[in-house]
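Each chain, letter by letter, is given below.
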Number of protein chains: 2
Amino acid sequence: MTSDIKSAARVLDMLELFSTRCDGLTLSEVARGLELPKSSTLGLLRTLHKRGYLVREDEDDSYRLNDMIRRDGFARHGRILRVAPPVMTALAVDAGETVLLGMPDASGLVRLLAKEASPSDIRYDIELPRKVPAYCTALGRVLLARMEPAAFEAALDSVPRAALTASTQVDRSAVIDAVEAARETGFAVVEDEFAVGGTGVAAVIPLGQGQPLAALGLACISQRYRQDPARLQAQLGGAISRIAEAMAGQGNM
Amino acid sequence: MTSDIKSAARVLDMLELFSTRCDGLTLSEVARGLELPKSSTLGLLRTLHKRGYLVREDEDDSYRLNDMIRRDGFARHGRILRVAPPVMTALAVDAGETVLLGMPDASGLVRLLAKEASPSDIRYDIELPRKVPAYCTALGRVLLARMEPAAFEAALDSVPRAALTASTQVDRSAVIDAVEAARETGFAVVEDEFAVGGTGVAAVIPLGQGQPLAALGLACISQRYRQDPARLQAQLGGAISRIAEAMAGQGNM
DNA sequence: AGGTAGTGTTCACGTTCGTGAACGCATCGT
DNA sequence: ACGATGCGTTCACGAACGTGAACACTACCT
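Nothing here was measured: the structure is a model prediction, and the numbers come from that model.

Colleague: Could you give an account of the protein's contact with DNA strand D, naming the residues involved and the relevant values?
Modeller: Close to DNA strand D lie 17 residues; Ser 7, Arg 10 and Ser 40 of chain A together with Ser 28 and Arg 46 of chain B are nearest. When the atoms of DNA strand D within 4 Å of the protein are grouped by moiety, sugar and phosphate amount to 71% of the total. Contacts to DNA strand D include Arg 32 of chain B, whose side-chain N or O atom sits 3.2 Å from a phosphate oxygen. One of the side-chain N or O atoms of Arg 46 of chain B is found 2.7 Å from a phosphate oxygen in DNA strand D. Of all elements in the fold, only α1 (6-19) and α3 (38-50) of chain A together with α2 (27-34) and α3 (38-50) of chain B reach the threshold of two or more residues within the surface near DNA strand D. A total of four residues in the surface near DNA strand D trace back to one element, the largest contributor, which is α3 of chain B. Grouping the amino acids of the surface near DNA strand D by side-chain chemistry returns four nonpolar, six polar and seven charged.

In structure tokens, the structure reads:
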């Protein structure tokens, strides 16, 4: 059998090292501890830092494990995956449309983590796990609306803005305007831009500090959405409140 | 800032994906979920499997997250790092020598995770974090004694067996004999092989299933060790029992 | 004030990896 | 029984990475 992939093995070494230390470690300490060249160590530390696994202290240039990673390991979005599904099931029945839970993924993408399909035979369905672009999906736009300006700019250009349907907004300024609107209203509605006949409506789930950014959305058949958008938006808002309350109730930060 | 290191980022993606799924995922499902080529996915899955992060089900070729990783994340040796130090402090005072806790690292190496220095001004001390070779250290030999034959053979040849002192055993057969002796007696004693004037004595900590392999050892000034080896070995044995009992008492598998 | 030591960081290039194409195999449908 | 499909796996080669050497900077000591 072939040997390990070097960087993959090293990143695990690094995380294991940090998990044995409560105080921070400098780049040089990590390099010595793992017997790596400093420049190789730097690349891996930057990757872990960028991904949110490590936090860097400004005062002494040391790194330490993100407290949430230390507590939950990889399952940092595990709690919301336990809390959200029952609420999503109820919403799917009430709204009659498919419910999706998504989180930011690589720049410009949304990772769909959970799904409750509509009970209707005619439905907008997807298979999990799945990633979708942010620029032309409701989940994506509300998540983009919560990003720092630099990350937002980068996200806009990280994924080619292809016209997936005749209605897809691909113009950069138009997408910015749509995200700005989502920021102001708290909702995003995307009609027929990602899939013909499909409308997405989504909002961010307001969670506390230290919690991962997540959004809930409805994936609707466009004709049904147009019949009563206010009802669907209200039902989505209600579900989001229930999830946020349940997460706050279990909070033990 | 430069972009992420591809494999490092991907291995995190993979672990996060598995942490959202209780049931297993096949290679193809992982590749689809993360939008990776199958051959790239295979390399990363093999690395994670080899490192013990993933378990592979024979019946359907699917992978799933190791239960211990799912529960503890990276801190899979976190519990012993909480339990052992108070016992090690007491042992350092009783024995008058430095106490070390070690675990297997890459093939042929031991990772030193915790240390209680001897209160004596004349002492055998090391800085953490640190890795030492297995072939010529007491901690290493007792850990080698617990390995499967194939892993043991590989470990013997993974690290060049340099003569660190005039007493270092570098002959392959002699090292095998020393490890065999450690297997039979439950102890390893290494006099002046790793450092002139330093003697190591170590034994494995008998922990339950699913617990990581770990060993405790004394790093003694050789002259002091020779004065009363039986006392030091007995004190080490007593500390190991206390650690094992404490770990069993907290066990909630 | 100047020299030394160690830090974090950059970069060019040799080394290693990532992966597309292809393979052997198992399963399923006709 | 045979063809189609999708699985896990292998391998050669272009692409990307790892890292030694060097740098700029900071802190400390004389």
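Colleague: Residues and numbers for the pattern of salt bridges, please.
Modeller: Counted by the stated rule, this structure contains 23 salt bridges over all chains. Note that Arg 183 of chain A is salt-bridged to Glu 180 of chain A, the shortest N-O span being 2.3 Å. Taken together, the residues span about one helical turn, with Arg 183 of chain A and Glu 180 of chain A both in helix α8 (residues 172-185) at a distance of three residues. Its salt-bridge partner being Asp 228 of chain B, residue Arg 231 of chain B comes within 3.8 Å of it at the nearest N-O pair. Taking relative accessible area as the criterion, Arg 231 of chain B reaches 34% and is therefore assigned partly exposed. Several salt bridges converge on common partners, so that one network encompasses Glu 153, Asp 157, Arg 161 and Arg 172 of chain A.

Colleague: Describe the side chain of Ser 222 of chain A, and please don't skip the residues or the numbers.
Modeller: Residues and elements named next belong to chain A. Take Ser 222: it is sitting in helix α9 (residues 222-227). Taking relative accessible area as the criterion, Ser 222 reaches 2% and is therefore assigned buried. Here Gly 198 takes part through its backbone nitrogen, which lies 3.2 Å from a polar atom of the side chain of Ser 222. The residues contacting Ser 222, other than those within four sequence positions of it, are Asp 192, Gly 197, Gly 198 and Thr 199.

Colleague: Kindly report on the sheet that holds strand β1 (residues 25-26) of chain A, identifying the contributing residues and their values.
Modeller: Residues and elements named next belong to chain A. The three strands are arranged β1-β3-β2 in an open sheet whose pairing can be described as antiparallel. Among the strands making up the open sheet, the edge pair consists of β1 and β2 (54-57). As paired elements, β2 and strand β3 (residues 62-65) share four bridges and run antiparallel to each other. Bridge pairing links Leu 54 to Leu 65 in β3. Strand contacts of α1: β1, β2 and β3, with the helix running at about 85° to β3, the strand carrying the most contacts.

Colleague: If you had to explain the protein's contact with DNA strand C to someone new, which residues and values would you point to?
Modeller: Ser 28 and Arg 46 of chain A together with Ser 7, Arg 10 and Ser 40 of chain B are the nearest of the 16 residues found near DNA strand C. For DNA strand C, a phosphate oxygen lies 2.5 Å from a polar atom in the side chain of Arg 10 of chain B. At 2.2 Å from a phosphate oxygen of DNA strand C is found a side-chain nitrogen or oxygen belonging to Ser 40 of chain B. When contributions to the surface near DNA strand C are tallied by element, the ones reaching two or more residues are α2 (27-34) and α3 of chain A together with α1 (6-19) and α3 of chain B. For the surface near DNA strand C, the element with the most residues is α3 of chain A, which contributes four residues. When the residues that make up the surface near DNA strand C are grouped by side-chain class, the tally is four nonpolar, six polar and six charged.

Colleague: An account of the pairing of β3 of chain A is needed here, citing residue identities and associated values.
Modeller: All names here are of chain A. For β1 and β3, the ladder comprises two bridges, and the chain directions are antiparallel. Residue pairing for β3: Leu 25 is matched across the bridge by Tyr 63. Counted between consecutive antiparallel strands, the loop separating β2 from β3 contains four residues, among which Asp 61 sits at a positive phi close to 60°.

Colleague: Which residues make up unusual backbone geometry, and what values do they have?
Modeller: Phi is positive for Glu 35 of chain A, close to 55°, though the residue is something other than glycine. Backbone geometry places Asp 192 of chain B, a non-glycine residue, at a positive phi of 60°. Within the secondary structure, Asp 192 of chain B is located in the loop between β7 (188-191) and β8 (198-204).

Colleague: Report on the sheet that holds strand β5 (residues 109-116) of chain A, specifying residues and quantitative values.
Modeller: Backbone hydrogen bonds are what pair the strands of a sheet, in a parallel or an antiparallel way. Residue and element names in this part refer to chain A. The strand order across the open sheet formed by six strands is β6-β5-β4-β9-β8-β7, and the pairing between neighbours is antiparallel. Taken across any chain shown, the strands that pair with only one partner, and hence form the sheet edges, are β6 (130-133) and β7 (188-191). The mean angle between the axes of side-by-side strands here comes to 30°, regardless of whether they run parallel or antiparallel. Strand direction decides the pairing type here: strand β8 (residues 198-204) and strand β9 (residues 215-221), joined by seven bridges, are antiparallel. Bridge pairing links Ala 203 to Leu 216 in β9.

Cut-off values and rules
Along each chain, the written sequence defines residue order, and numbers are assigned to residues from 1. Naming scheme: in the order in which they are written, chains are lettered from A and ligands are numbered from 1. Confidence filtering applies because this is a predicted model: local features only for residues at pLDDT of at least 70, side-chain atom pairs given and counted only at 80 or more, and all residues used for totals across whole chains, interfaces and linings. Hydrogen atoms and water are omitted, and side-chain values are computed over all heavy atoms in the structure. Whether a residue is near a molecule or strand depends on its heavy atoms: it is near if one of them lies within 4 Å of it. In the analysis that follows, any N or O atom pair within 3.5 Å is treated as a polar contact, provided that within protein one partner can donate a hydrogen and the other can accept it, and provided that, for residues neighboring in sequence, both atoms belong to side chains. Strands here mean DSSP runs of E at least two residues long; helices mean DSSP runs of H or I at least four residues long; both are numbered from the N terminus. Under this grouping Gly is polar, as are all residues other than the nonpolar Ala, Val, Leu, Ile, Met, Phe, Trp, Tyr, Cys and Pro and the charged Asp, Glu, Lys and Arg. Salt bridge, as applied in this entry: a Lys or Arg side-chain nitrogen positioned within 4 Å of an Asp or Glu carboxyl oxygen. Relative accessibility decides the category of a residue: with a 1.4 Å probe and only protein chains considered, values under 20% of the type maximum give buried, values over 50% give exposed, and everything between is partly exposed. A contact between two residues is defined here by any heavy atoms of the two lying within 4.5 Å. DSSP bridges decide pairing: two strands pair if at least two such bridges lie between them. Axis definition: a line fitted to C-alpha atoms, over the contacting stretch in the case of helices. Angles run 0 to 180 degrees between N-to-C directions.

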